[in-house]
Amino acid sequence: MPANRFNGHTDYGIGIGLRIPHYEHILTRKPVVDWFEIISENYMIDGGRPLAVLDSILEQYRVVQHGVSMYFGSAQPLNREHLKRLKTLVRRTGTPWLSDHLCWGSVDGRYTHDLLPIPYTWEAVHATAEKVRQVQDYLEIPVAVENVSSYAEFHDSEMTEWEFLTEVVERADCGILLDVNNIYVSAFNHEFDARVYLDHIPAERVAQIHIAGHSRYRKYILDTHDHAVIDPVWELYARAIRRCGPTATLLEWDDKIPSFEEVHGEALKANRFLREVAAQAAEDGNIRTDESGRRQWPAEVAHELLA
Ligand SMILES: [Fe+2]
């Protein structure tokens, strides 16, 4: 699979989310971490401690921005003021790509602060893709849209979630932030096969992967990000990287946050799978390196590994 502006970040390795309880540890102990993901909205401010911390982090680490309030699937126009502030932060962090969710969450200027599922219709495909395209053009960096976990479906839907995701990203010409835990959660809640989802998305557009823990109840799963990752999600992750190649991977842990070491240790478990897949491909002589030193991951390798 040739490198492109979405999948070319194969050297990013494993990152973790920058969270307030870990600020002190990171600033004083300077742990070795491949990169940090920040929630853009927490730093779209004019000054204060969060920005000072961010600047210190930027001196030593790579930072990638992740957003929670773009609402690509909302019917209302984009918030120009929000975009302006976001672009200021993009320039500050130098983020190589930026992600936000494939969802809606605002009506008439009122924000729900929830990541609500979109009806998978052609009308929504066109409206959502147009918005992603506008954001990408304005920010002048690659945008990756993230699949959300959901607890409801729409009778009006005209296609599956993975078909909807594919149609949006192809029309918007954007990347994907593939959240394998969200696929697992939605697959359980809506009774579809998570492996079919993974096998049908355009692998060459996957810029980043999210992994996370969740809470399981008798009839449904809640995407709580407050546990370690369970084995079936690791299996999905392994399947994803066999298909997509070595991909920037981030562990999300947002509630009941344990020590930095515990979160980082959990994230580093992803290394085992990244190494296994890379070793297998290298053994087969299938990894190539381009002029900039980035590893290339031919599509035929992914297919062989999956077979
Ligand atoms: Fe996620």
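Here's what I pulled together on the structure shown here. If you're wondering where the values come from, they're calculated on a predicted model, not measured in any experiment. Throughout this document, residue positions are counted from 1 along each chain, in the order its sequence is written. Thresholds applied to this predicted model are a pLDDT of at least 70 for local features of residues and 80 or more for the giving and counting of side-chain atom pairs; totals over whole chains, interfaces and linings are not thresholded and use all residues. Processing note: side-chain calculations cover all non-hydrogen atoms of the structure and skip hydrogens and water entirely.

## Details of the coordination of the iron ion
Right, on to step 1. Coordinating donors are taken to be N, O and S atoms lying within 2.8 Å of the metal, or within 3.2 Å when the metal is Na, K or Ca; because water is excluded from the atom set, some sites may appear incomplete. Here the iron ion is held by Glu-146 (OE), Asp-179 (OD), His-210 (ND1) and Glu-252 (OE), and the distances to it run 1.9 to 2.4 Å.
Right, on to step 2. When four donors show all angles between 85 and 135 degrees the site is tetrahedral, when four or six donors have opposite pairs over 155 degrees and all other angles between 65 and 115 it is square planar or octahedral respectively, and in every other case it is irregular. For the iron ion, the four donor atoms in the first shell make angles of 86 to 174° at the metal, a pattern classed as irregular.
Right, on to step 3. Every donor residue of the iron ion comes from the same chain, spaced as E-x32-D-x30-H-x41-E. Of this pair, Glu-146 sits in strand β7 (residues 143–146) while Asp-179 sits in strand β8 (residues 175–179); the two residues are 33 residues apart in sequence, bridging distant segments of the chain. Counting from the N terminus, the helices are the DSSP runs of H or I reaching at least four residues and the strands are the DSSP runs of E reaching at least two.

## A look at the sheet that holds strand β9 (residues 206–212)
Right, on to step 1. In short, DSSP must find at least two bridges between two strands for them to pair. Pairing is parallel around the closed barrel formed by eight strands, whose spatial order is β1-β2-β3-β4-β7-β8-β9-β12. Each strand axis lies, on average, 30° off the axis of its neighbour in the sheet, ignoring direction.
Right, on to step 2. Relative to β8, β7 is paired through three bridges, and the arrangement is parallel. Opposite Ala-144, over in β8, you have Gly-175 as the bridge partner.
Right, on to step 3. Two residues form a contact once any of their heavy atoms are found within 4.5 Å. Fitted lines through C-alpha atoms serve as axes, helices being fitted only where they are in contact, and the angles separating the N-to-C directions of these axes extend from 0 to 180 degrees. Sheet strands touched by helix α6 (residues 180–190): β7, β8 and β9. Its angle to β8, the strand with the most contacts, is close to 60°.

## Points about a nonpolar patch on the surface
Right, on to step 1. Patch membership needs two things, relative accessible area over 30% and no salt bridge, and members are linked within 9 Å if like-charged or within 5 Å if nonpolar (Val, Leu, Ile, Met, Phe, Trp, Tyr). The method behind every accessible area is Shrake-Rupley, applied with a 1.4 Å probe, and residues are considered shielded solely by the protein chains displayed. Put simply, a salt bridge is a Lys or Arg side-chain nitrogen that is within 4 Å of an Asp or Glu carboxyl oxygen. Side chains of Tyr-151, Tyr-217, Tyr-220 and Leu-222 sit close together on the surface and give an oily, nonpolar patch of about 380 Å² of accessible area.
Right, on to step 2. As for its position among the elements, Tyr-151 is in the loop between β7 and α5 (161–172).

## Considerations on the environment of Arg-205
Right, on to step 1. Topologically, Arg-205 is positioned in the loop between α7 (194–200) and β9.
Right, on to step 2. Accessible area is worked out with a 1.4 Å probe on protein chains only. A residue is then buried under 20% of its type maximum, exposed over 50%, and partly exposed in between. What makes Arg-205 buried here is its relative accessible area of 11%.
Right, on to step 3. Each C-alpha atom, one on Arg-205 and one on Ile-118, is 21 Å from the other, the two residues being 87 residues apart in sequence.
Right, on to step 4. Apart from residues lying up to four places away in sequence, Arg-205 is in contact with Phe-6, Val-169, Glu-170, Asp-173, Cys-174, Gly-175 and Ile-176.

## Some points on the packing of aromatic side chains
Right, on to step 1. Two aromatic rings from Phe, Tyr or Trp, using only the six-membered ring of Trp, form a pair when their centres are within 6.5 Å; if the ring planes differ by under 30 degrees the pair is stacked, by over 60 it is edge-to-face, and anything between is tilted. Enumeration according to the criterion identifies 11 aromatic pairs in this entry.
Right, on to step 2. Judged by centre distance (5.5 Å) and plane angle (15°), the rings of Trp-234 and Phe-273 are stacked. Here the residue Trp-234 occupies a position in helix α8 (residues 231–244), and Phe-273 occupies one in helix α10 (residues 270–283), the gap between them amounting to 39 residues.
Right, on to step 3. You can call Phe-273 buried: its relative accessible area is 10%.
Right, on to step 4. Ring centres 6.1 Å apart and planes at 85° place the aromatic pair Tyr-237 and Phe-273 in the edge-to-face group.

## Some thoughts on the layout of surface pockets
Right, on to step 1. Using protein atoms alone on a 1 Å grid, points that fit a 1.4 Å probe yet trap it form a cavity, whereas open point sets bounded by protein on both sides within 12 Å along at least five of seven lines form a pocket; residues with an atom within 4 Å of a point count as lining. Grid points are joined across faces, edges and corners, and a volume is the space filled by probe spheres set on the points. By volume, the largest pocket amounts to about 540 Å³.
Right, on to step 2. Lining the largest pocket are 24 residues, with Val-68, His-101, Leu-115, Asp-223 and His-225 sitting closest to its centre.
Right, on to step 3. Looking at the lining of the largest pocket element by element, the count peaks at four residues for strand β6 (residues 110–116).
Right, on to step 4. Classification used: nonpolar for Ala, Val, Leu, Ile, Met, Phe, Trp, Tyr, Cys and Pro, charged for Asp, Glu, Lys and Arg, polar for all others including Gly. Taken together, the residues that form the lining of the largest pocket break down as nine nonpolar, nine polar and six charged.
Right, on to step 5. When its volume is computed, the second largest pocket comes out at roughly 220 Å³.
Right, on to step 6. In this structure, the second largest pocket is lined by 16 residues; those nearest its centre are Ser-69, Met-70, Asn-79, His-82 and Tyr-111.
Right, on to step 7. Take the lining of the second largest pocket: its biggest share by element is three residues, from helix α3 (residues 80–93).

## What to know about the nonpolar core
Right, on to step 1. Ranked by size, the top nonpolar core spans 80 residues in total, and within it Phe-36, Phe-164, Leu-178, Val-180 and Tyr-237 carry the most contacts.
Right, on to step 2. Sort the elements by how many residues they give to this core and α8 lands first, with eight residues.
Right, on to step 3. Discounting chain neighbours no more than four positions away, the residues touching Phe-164 are Leu-102, Ile-118, Pro-119, Tyr-120, Thr-121, Ala-124, Val-125, Thr-128 and Met-159.
Right, on to step 4. For the purposes of this section, nonpolar cores are sets of buried Ala, Val, Leu, Ile, Met, Phe, Trp, Tyr and Cys residues that join through side-chain atoms within 4.5 Å. Within the second largest apolar cluster, nine residues are counted, among which are Tyr-12, Trp-35, Trp-97 and Ala-207.

## Here's the deal with the pairing of strand β2 (residues 35–39)
Regular strands show a simple pattern: their side chains alternate between the two faces of the sheet.
Right, on to step 1. Taking burial as the measure, the five residues of β2 include five buried ones, the bulk of the element.
Right, on to step 2. Burial along β2 is two-sided: Trp-35, Glu-37 and Ile-39 and Phe-36 and Ile-38, pointing in opposite directions, are all buried.
Right, on to step 3. Sheet topology places strand β1 (residues 14–17) next to β2; three bridges connect them, and they run parallel. In the sheet register, Gly-17 faces β2, and the bridge partner there is Glu-37.
Right, on to step 4. Seen with the strands pointing away from the viewer, any crossover whose path from the first strand over the helix to the second strand runs clockwise is right-handed. In this view, the connection linking β1 to its parallel neighbour β2 by way of helix α1 (residues 23–29) has right-handed handedness.
Right, on to step 5. Here β2 runs beside strand β3 (residues 62–66); their pairing, made up of five bridges, is parallel. Bridge assignment links Phe-36 to a residue of β3, and that residue is Val-63.
Right, on to step 6. One crossover worth recording links β2 to the parallel β3 by way of helix α2 (residues 49–60), and it is right-handed.

None of this, on its own, says anything about what the molecule does.
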